[in-house]
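# Examining the three-dimensional arrangement
Residues per chain, in single letters:
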Amino acid sequence: MSLIFVLGGARSGKSRHAEEIVERLPPPWIYIATAEAYDAEMTERIGLHRARRGEGWQTLDAPHDLPGTLAGLTPGQPVLVDCLTLWLTNRLLAEADLAAECAALVDALGAHDGPVVVVSNETGLGIVPDNALARRFRDAQGRLNQMVAAHADTVIFMVAGLPMKVK
Ligand SMILES: Nc1nc2c(ncn2[C@@H]2O[C@H](COP(=O)(O)OP(=O)(O)OP(=O)(O)O)[C@@H](O)[C@H]2O)c(=O)[nH]1
């Protein structure tokens, strides 16, 4: 098992970089998507991602049950999880026990018998949000990122499309 964690801001190029890492491995590659298309703009974004991925990729949707989806994978399959931020958002809005769910997610990432690349946002670099929900989210995201980074073999921080290896 190898775990590679790719972090960055919005439009930092993290999805593309994560895809390139996985595409160096033998296909088929599993893409676990956590986004839900709530509006036309998000539908278009997702369409662009799907068009870019092309042959060799199989997409699984896991907006909520990410640990269960990971547990159901065939051993050895290279997998890309894109991204933890939307999964955490979905679970926060579902009023889940975030500490327990994040611990279960880290266990599931570690349990997959194959290469895993995980994408997440490095949030919290801006000003303190003015509402409690956003502050809660920011803190939960920071904690989850630390947990995944601690377990990862490699951590890459994307800056303006450029990968910076931090672990
Ligand atoms: N449901 C679904 N979501 C997808 C699919 N492909 C990509 N996505 C989602 O698209 C999201 C990323 O989209 P963007 O907003 O373009 O990425 P970004 O994080 O702003 O930018 P980058 O740092 O450049 O990757 C991820 O959360 C994915 O889950 C898919 O096939 N189905």
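It should be noted that the structure appears before, not after, this text.
Notes on the structure follow. Every chain is numbered independently, its residues counted from 1 as its sequence is written. A pLDDT threshold of at least 70 governs which residues receive local features in this predicted model, and a stricter bar of 80 or more applies before side-chain atom pairs are shown or counted, although totals over entire chains, interfaces and linings include all residues. Water and hydrogen atoms were dropped before computing side-chain values, which therefore reflect all heavy atoms in the structure.

### A few points about the environment of Gly8
The test is simple: Each helix corresponds to a stretch of at least 4 residues labelled H or I by DSSP, and each strand to a stretch of at least 2 residues labelled E; elements are numbered beginning at the N terminus. Working definition: with a 1.4 Å probe on protein chains only, accessible area under 20% of the residue-type maximum means buried, over 50% means exposed, and in between means partly exposed.
Along the polypeptide, Gly8 turns up in strand β1 (residues 3-8). Relative accessible area serves as the criterion here: at 0%, Gly8 is assigned to the buried category. Counting along the chain gives 113 residues from Gly8 to Asn121, while the straight-line C-alpha distance between them is 5.0 Å.

### Quick look at the environment of Ala103
Examined against the element boundaries, Ala103 turns out to sit in helix α5 (residues 98-111). We classify Ala103 as partly exposed; its relative accessible area is 33%. The spatial distance from the C-alpha of Ala103 to the C-alpha of Met147 is 8.3 Å, given a sequence separation of 44 residues.

### Overview of the sheet that holds strand β3 (residues 57-61)
Defined as follows: Pairing between two strands is assigned when DSSP locates at least 2 bridges connecting them. Inter-axis angles, ranging from 0 to 180 degrees, are taken between N-to-C directions of lines fitted to C-alpha atoms, where helices are fitted over the stretch in contact.
Read from one edge to the other, the open sheet built from 7 strands follows the order β3-β2-β4-β5-β1-β6-β7, with strand pairing classed as mixed. Each edge of the sheet is formed by a strand with only one pairing partner; in this case those strands are β3 and β7 (162-165). Recorded for the sheet is a direction-independent mean angle of 20 degrees between the axes of neighbouring strands.

### Quick look at the side chain of Asn121
Threshold: In this description, contact between two residues means that some pair of their heavy atoms is separated by no more than 4.5 Å.
Tracing the backbone through its elements, the reader meets Asn121 in strand β5 (residues 116-121). Look past the residues within four positions of Asn121 in its chain and what remains in contact with it is Leu7, Gly8, Gly9, Ala10, Lys14, Cys83, Thr85, Gln141 and Asn145.

### Let's talk about the site of the ligand
As a reminder of what qualifies: In this text, near means that some heavy atom of the residue lies within 4 Å of the molecule or strand in question. Each polar contact in these results corresponds to two N or O atoms within 3.5 Å; when the atoms are within protein, one needs to be able to donate a hydrogen and the other to accept it, and residues that are neighboring in sequence are counted only if both atoms are side-chain atoms. To measure how exposed things are, a 1.4 Å probe is used in the Shrake-Rupley method; for residues, cover is taken only from the protein chains shown. Residues were grouped as follows: Ala, Val, Leu, Ile, Met, Phe, Trp, Tyr, Cys and Pro as nonpolar; Asp, Glu, Lys and Arg as charged; and all remaining residues, including Gly, as polar.
As a structural note, the neighbourhood of the ligand is formed by 20 residues, with Arg11, Lys14, Ser15, Arg45 and Asp82 the closest of them. At 3.1 Å, a backbone N or O of Gly13 approaches an oxygen atom of the ligand. Between His49 and the ligand, the recorded distance is 2.8 Å, taken from a side-chain N or O atom to an oxygen atom. Protein burial of the ligand: of its 680 Å² of free accessible surface, 91% is covered by the chains. The leading source of residues in the shell around the ligand is helix α2 (residues 40-53), at 5 residues. Taken together, the residues that form the shell around the ligand break down as 6 nonpolar, 7 polar and 7 charged.

### Digging into the pattern of salt bridges
Threshold: Salt bridge, as used here: a side-chain nitrogen of Lys or Arg that lies within 4 Å of a carboxyl oxygen of Asp or Glu.
The final tally for this structure, using the stated rule, is 7 salt bridges. We note a salt bridge from Arg52 to Glu19, for which the minimum N-O separation is 2.9 Å. Placement of Arg52 in helix α2 and of Glu19 in helix α1 (residues 14-23) is noted, with a sequence separation of 33 residues between them. Given the relative accessible area of 0%, Glu19 is considered buried. Taking the shortest distance from any N to any O, the salt bridge between Glu41 and Arg45 comes out at 2.8 Å. On the criterion of helical spacing, the pair formed by Glu41 and Arg45 is a turn pair, its members being 4 residues apart in helix α2. By relative accessible area, which is 42% here, Glu41 ends up partly exposed. Through salt bridges with shared partners, a single network forms among Arg16, Glu19, Glu20, Glu23 and Arg52.

### Here we look at α5
Operational definition: Take the residue count of a helix, subtract one, and multiply by 1.5 Å to get its expected span. This arc describes the spread of directions from the helix axis toward the C-beta atoms.
Between its first and last C-alpha, α5 extends 20 Å over 14 residues, near the 20 Å set by a 1.5 Å rise per residue. All of the buried residues along α5 are Leu98, Cys102, Leu105, Val106, Ala108 and Leu109. In a view along the axis of α5, the buried residues occupy a sector of 160 degrees, so they form one face of it. Facing away from the buried surface of α5 by more than 90 degrees, the exposed residues are Ala99, Asp107 and Ala111. Taken together, the buried residues of α5 touch α3 (66-71), β4 (79-82), α4 (84-93), β5 and α6 (132-151).

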